[in-house]
Amino acid sequence: MSHFSTIKTKLKEAEPLIKALNNLGYTINKEEKFVKGFRGNFTAVDISMNLPGDTKVGFKWDNNSNAYELVTDLDLWKFEIPVERFISKVTQMYAYHTIISKTNEDGYQIVEQKNKNDGSIELVLTKWDN
Amino acid sequence: MPQKTLRFKIHQDGRVEETVEGFTGNSCNEATKNLEDALGKVTVKKKTSDAFISNENENLKQLNNESNVTF
């Protein structure tokens, strides 16, 4: 039997999230674990970064959604792309790294990878059954 | 020794479409369960063409059409 699924990606694991952020060229600040917002308010986070334009963002584990959530002060957002687009890019790259890592554990190999004109990434992986 | 194939389309917003081919019985569900759990929430799941051997023609026609639209 075969199936077709659509999955709404959530940032559920730290490792592929960190890989995704590195892959997109963002540098994680390993010493600070907080995001400083307007009026000097601090929010503790699990992953902290400075985006170009000195925009501070972080990701914090959220027990309600069971996923990492973005923490930033939108009043101080100066990064070249809007915050929604930033989250989308991170989520897309998170999905990519999660797929590569989980399928590799199961013995699959990439046979095709394409960046499509609509901005999507297509991946084909195969393995021979023993 | 059938070849097992996983196809993914990762959209710009992070939504993932996954097509799983070449499995027998329900093993295709087990094959991708860990991955689906790690990715997030499955919003749509359908059996595709080669799962229809024992299904009605009505379903076959409908689902084949949907598969063609996606890929």
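Everything quoted here is computed from the prediction, not taken from an experiment.

Undergrad: Help me understand helix H1 (residues 14-23) of chain A in this model?
TA: The periodicity of an α-helix, 3.6 residues per turn, causes residues three or four places apart in sequence to face the same way. Residue and element names in this part refer to chain A. What H1 keeps buried is the set Pro-16, Leu-17, Ala-20 and Leu-21. On an axial view of H1, the arc spanned by its buried residues comes to 140 degrees, and they lie on one face. Downstream of H1 by a residue or two, Gly-25 has a phi angle that is positive, lying close to 90 degrees.

Undergrad: Any chance you could explain the packing of aromatic side chains here in plain terms?
TA: The geometry of an aromatic ring pair is captured by the separation of the ring centres together with the interplanar angle, meaning the angle of the planes. All names here are of chain A. This model, assessed by the stated rule, comprises 7 aromatic pairs over all chains. Aromatic side chains Tyr-26 and Phe-86 sit 5.4 Å apart centroid to centroid with 55 degrees between the ring planes, which places their arrangement in the tilted category. Here Tyr-26, found in the loop between H1 and strand S2 (34-36), pairs with Phe-86, found in helix H2 (residues 83-105); they are 60 residues apart in sequence, far enough to count as distant. By relative accessible area, Phe-86 is classed as buried at 0%. Measuring from ring centre to ring centre gives 4.9 Å for Phe-34 and Phe-42, while their planes differ by 75 degrees; the resulting arrangement is edge-to-face. A relative accessible area of 29% means that Phe-34 is categorised as partly exposed.

Undergrad: Mind showing me how you'd approach the layout of surface pockets here?
TA: If you roll a probe as big as a water molecule over the atoms, it shows you where there is empty space left. Residue and element names in this part refer to chain A. In this structure, the largest pocket spans a volume of roughly 330 Å³. As for the largest pocket, its lining consists of 16 residues, of which Lys-8, Thr-9, Leu-11, Ile-87 and Thr-91 are closest to the centre. Of all the elements in the fold, those that place two or more residues in the lining of the largest pocket are strand S1 (3-9), strand S6 (67-72) and H2. Residue composition of the lining of the largest pocket, grouped by class: 7 nonpolar, 4 polar and 5 charged.

Parameters at a glance
Residues numbered from 1 in each chain as written. Chains lettered and ligands numbered in written order. Predicted model: local features only at pLDDT ≥ 70, side-chain atom pairs only at ≥ 80, totals over all residues. Heavy atoms only, no water. Buried < 20%, exposed > 50% of the residue type's maximum accessible area, 1.4 Å probe, protein only. Helix = DSSP H or I, 4+ residues; strand = E, 2+ residues; numbered from the N terminus. Arc of directions from axis to C-beta. Phe/Tyr/Trp six-rings, centres within 6.5 Å; stacked < 30°, edge-to-face > 60°. 1 Å grid on protein atoms, 1.4 Å probe; cavity = no way out; pocket = protein on both sides within 12 Å on 5 of 7 lines; lining within 4 Å. Points joined across faces, edges and corners; volume = space filled by probe spheres on them. Nonpolar A, V, L, I, M, F, W, Y, C, P; charged D, E, K, R; others polar.

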